[in-house]
Amino acid sequence: MTDESQTPDNTNRLVAQRKEKLASWREQGRAFPNDFRPDAAAGDLQQQHEADDAEALEATRYDVTVAGRLLAKRVMGKLSFATLQDASGRIQLFVQRDMLGEAAYKTFKQLDIGDIVGVRGYLGRTQKGELSVKAESIELLTKSLRPLPEKWHGLSDTEARYRQRYVDLIMNPASRAVFMARSAMLRGVRGFFEERGFIEVETPMLQAIPGGASARPFVTHYNALDHDFYLRVAPELYLKRLVVGGLERVFELNRNFRNEGLSTRHNPEFTMLEFYQAYADHNDLMDEIEGLLRQLSRQVRSHHADACNEHAVDLDQAFDRLTMEDAVVAYNDNATPDGLASAESIRLLAEAAGVRGETSWGRGRWLTELFEATVEDKLLRPTFVTDYPAEVSPLARRRDDNPEVTERFELFIAGREVANGFSELNDAEDQAERFQAQASAKEAGDDEAMYYDADYVHALEYGMPPTAGAGIGIDRLLMMLTGAQAIRDVLLFPQLRPRSN
C-alpha cells in the first residue's frame, strides 16, 4: 500500500488533491456512473480456479467482469499490479499499457488507493503463480476522497475501529469474517428451530410495562398518548402470551435494551434469542440448547474458520450440570452444605467474599450473590447451573419437591453467562404474588425489580399449558465461537462514550 501518512495536515492535502481529480471527472461527465455490472466475485474466482495453472487458464480463456475497491497499486513503467477487494475477498489485477492503451493506462495511474473501480478482462497467472485478472478495461466507479489508513489494526486504533467500522471492514479481513460468521450463525439458529416446528414472531419493542427481566429500562415519552413508554428489556411476557393463545412453539431473534453500564461484556443494545415450547420442561430445554450450540459451533468452525482465533471455545464436549448450592460448595473451600442452611450463614460467607447486600435479602438472594461473586468466572467448561432460588426467579416454576428453588438454569461457558431458561410459572395466583413482591422491592428502591403486569396475569388466568422457555445472548455466544475478547468486536456499531472534544 502506498505510504500515506495520517497526520491531519497531510490528510487535508491528500483530500484536496483527490477533490481536484474528482472535479476533473465531473467536467468530463464521468463521475459516479451506475451502469457497471460485475459478473464474478474475487473470492469465488480464487476458489473456483485454485487448481488451474497458467497453462490451463491460457488454454480456456475465462472472461470476467469484477468490481471493488483498490487496496494496493504498484506501477512499474509499462506494467502495473493492483489489489482489488470486494465483499467476497481479494484478487490481483495485472495491468499492461499495451492491453489498455496509452490513454487508459495513464488514467489508471491516476487512480488512488481506496477508489472503487470496475474491471473487464480475463484470468491468468503471473510468473509468481498468483491468480490475476488481466485487465482489458478499467473504469472509475466511485472516487475515494479520503486516504485509507496505512495501518488500521494496531492496538492504538482499537477505538477508531469501533467508531469507524466502515473503515475497519475495508482494512481488516478478520473483522469482516466475524460478521460473516454472525450472519451464518443467525441463519443456523432460524433453521434449527424451524426444523423443530417453531414459528418466528415479533413482539413490541416499545412497551407500556417493561417486563421479562430484572433490569433498568430506557424511558421515552410518547407524545400522541401523553404517556411514558419503555424500550423492552426482554420479550418474554409477550411470547408467553402467544403460548396462551395457542402458538405452542415460538421464537424471536431481536434486540433488547437495558439502561446499564458499558463493559467488555455489556452493551445497552444487544441481540437475544428467546424461545418457548409448550409441554416441555427445563430439562428438555437444556438438551435442546446443548444441541443448538454444538451445531452452531461446528458450522462456524467448518465454514468460517477465519473468524475464529485461539480463544474460540470448542463445544463438542458434553455440558456439565450442577445445582447452585453444589457449585458454591465446590468453588468455596469454606462452604459446606450445612453452612448454606440459613440466610445468616450465607450472608457471612458472602460478606467475607466482598459482597455487600441489604438487610431485606433472604437466603436465596444471598446465595445467588455469593454464587455470582465466587463461582461464575470459574465455570470454564460448558456448565448448566440449576435450582435457582425462587426469590430471584419471579417468572420460573417452583420445584414440586422443594418450593424454595425453581426449575431454572443458567448456562456458563468460559466464565460467562450465555443462556437463562426455566420451566415457566403458569399459576396465575402464584405469579400475581411474585409480581407484588417485585413491585414492593421496586418501591423500596430496587431499580431492577420487575413491574406488576396485570394484563399478563390476566392472560395466565385463561390458562397457559405447561411450558418451558429460554433466552440466549447472541452477542456473547458469537464472542465465544470466534474467541472475541470484547462484545464490541462482534457488534457492527457498538455503543461508545461521546467524544470529549
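Residues numbered from 1 in each chain as written. Predicted model: local features only at pLDDT ≥ 70, side-chain atom pairs only at ≥ 80, totals over all residues. Heavy atoms only, no water.

## A word on the nonpolar core
To keep things clear, this is the line we draw: We define a nonpolar core as any set of buried Ala, Val, Leu, Ile, Met, Phe, Trp, Tyr and Cys residues linked to one another through side-chain atoms lying within 4.5 Å. Burial classes: relative accessible area under 20% of the type maximum marks a residue as buried, over 50% as exposed, and values in between as partly exposed (1.4 Å probe, protein chains only). Here a helix means four or more residues in a row that DSSP labels H or I, a strand means two or more in a row labelled E, and each is numbered from the N terminus. Residues count as neighbours in contact if any of their non-hydrogen atoms are within 4.5 Å of one another.
Of all hydrophobic cores here, the largest spans 43 residues; its most connected members are L273, I289 and L293. For this core, the secondary structure elements donating two or more residues are α8 (173–195), β10 (249–257), β11 (269–278), α10 (282–303), β16 (408–413), β17 (416–423), β18 (467–473) and α16 (474–482). When neighbours within four sequence positions are excluded, L293 is seen to be in contact with L315, F319, L411, I413, V418, I472 and L477. Core analysis: the next-biggest nonpolar cluster, separate from the first, contains 24 residues, V66, I91, Y105 and A135 among them.

## Examining the UniProt feature "domain: Aminoacyl-transfer RNA synthetases class-II family profile" (unreviewed entry) in the protein
Using the following cut-off: UniProt positions are given in the numbering used here, feature names are shortened, and annotations may be inferred rather than shown by experiment.
Mapped onto this numbering, the UniProt entry annotates "domain: Aminoacyl-transfer RNA synthetases class-II family profile" (unreviewed entry) at residues 179–498. In residues 179–498, helix accounts for 35% and strand for 21%; the two terminal C-alpha atoms are 24 Å from one another.

## Things to note about the domain arrangement of the protein
We count it as follows: Residue ranges labeled as domains rest on an automatic or database domain assignment. Buried area: the accessible area, evaluated with a 1.4 Å probe, that two parts lose upon being put together, summed over both parts. Whenever a carboxyl oxygen of Asp or Glu lies within 4 Å of a side-chain nitrogen of Lys or Arg, that contact is scored as a salt bridge. Under the scheme applied here, ten amino acids are nonpolar (Ala, Val, Leu, Ile, Met, Phe, Trp, Tyr, Cys and Pro), four are charged (Asp, Glu, Lys and Arg), and all others, including Gly, are polar.
By domain assignment, the protein separates into domain 1 (9–148) and domain 2 (170–319 + 381–489). By the criterion of area lost to domain 2, the three top residues of domain 1 are Q85, R90 and L148, representing 64% of everything that side buries. Where domain 1 meets domain 2, there are zero salt bridges. Within the side of domain 1 that touches domain 2, the residues separate by chemical class into two nonpolar, one polar and two charged.

## Section: the pattern of salt bridges
Evaluation of the coordinates by the stated rule reveals 39 salt bridges. R18 is paired through a salt bridge with D112; the nearest N and O atoms lie 3.9 Å apart. Of this pair, R18 sits in helix α1 (residues 8–27) while D112 is found in the loop between α5 (102–109) and β4 (116–125), placing the two residues 94 residues apart along the sequence. Summarising the burial analysis for this pair, R18 and D112 share the class buried. As a salt-bridge pair, D168 and R165 come within 2.7 Å of each other at their nearest N and O atoms. With D168 and R165 both in helix α7 (residues 165–171) and three residues apart, this pair spans about one turn of that helix.

## Considering the confidence of the model for the protein
For clarity, the cut-off: The predictor rates its confidence in each residue with pLDDT, a number between 0 and 100.
Summarising the model, the protein shows a mean pLDDT of 93, and 97% of its residues fall at 70 or more. For residues 152–156, every residue scores under 50 in pLDDT, and the model assigns this stretch ten contacts once sequence neighbours within four places are set aside.

## Comments concerning the packing of aromatic side chains
Counted only if it meets this: Aromatic rings from Phe, Tyr and Trp, with only the six-membered ring used for Trp, were paired whenever their centres fell within 6.5 Å, and each pair was classed as stacked if the ring planes differed by under 30 degrees, edge-to-face if by over 60, and tilted otherwise.
Scanning the model with the defined rule gives 16 aromatic pairs in all. Here Y105 and F108 contribute two aromatic rings whose centre-to-centre distance is 6.1 Å and whose plane-to-plane angle is 25°, an arrangement assigned as stacked. One end of the pair is Y105 and the other is F108, both in helix α5 and three residues apart, which spans about a single turn. Taken individually, Y105 and F108 each receive the classification buried, so the pair is uniform in this respect. With 4.7 Å between their ring centres and 45° between their planes, F193 and F275 make a pair best called tilted.

## Section: the environment of V219
By the element assignment, V219 lies in strand β8 (residues 219–222). What makes V219 exposed here is its relative accessible area of 52%. Each C-alpha atom of the pair V219 and V75 lies 58 Å from the other, and the pair is 144 residues apart in sequence. Those residues in contact with V219 that sit more than four places away from it in its chain are D228, F229 and Y230.

## Points about a negative patch on the surface
Formally: Candidate patch residues must exceed 30% relative accessible area and have no salt bridge, after which like charges are joined if within 9 Å and Val, Leu, Ile, Met, Phe, Trp or Tyr side chains if within 5 Å. Per-residue and other accessible areas follow the Shrake-Rupley method at a 1.4 Å probe size, with only the shown protein chains counted as cover for residues. Charge counting treats Lys and Arg as positive and Asp and Glu as negative, with His and both chain ends excluded. To locate a charge, take NZ of a lysine, CZ of an arginine, CG of an aspartate or CD of a glutamate.
A surface patch of negative charge is lined by D427, E429, E433 and E461. By the element assignment, D427 lies in the loop between β17 and α14 (428–443). A relative accessible area of 37% places D427 in the partly exposed class.

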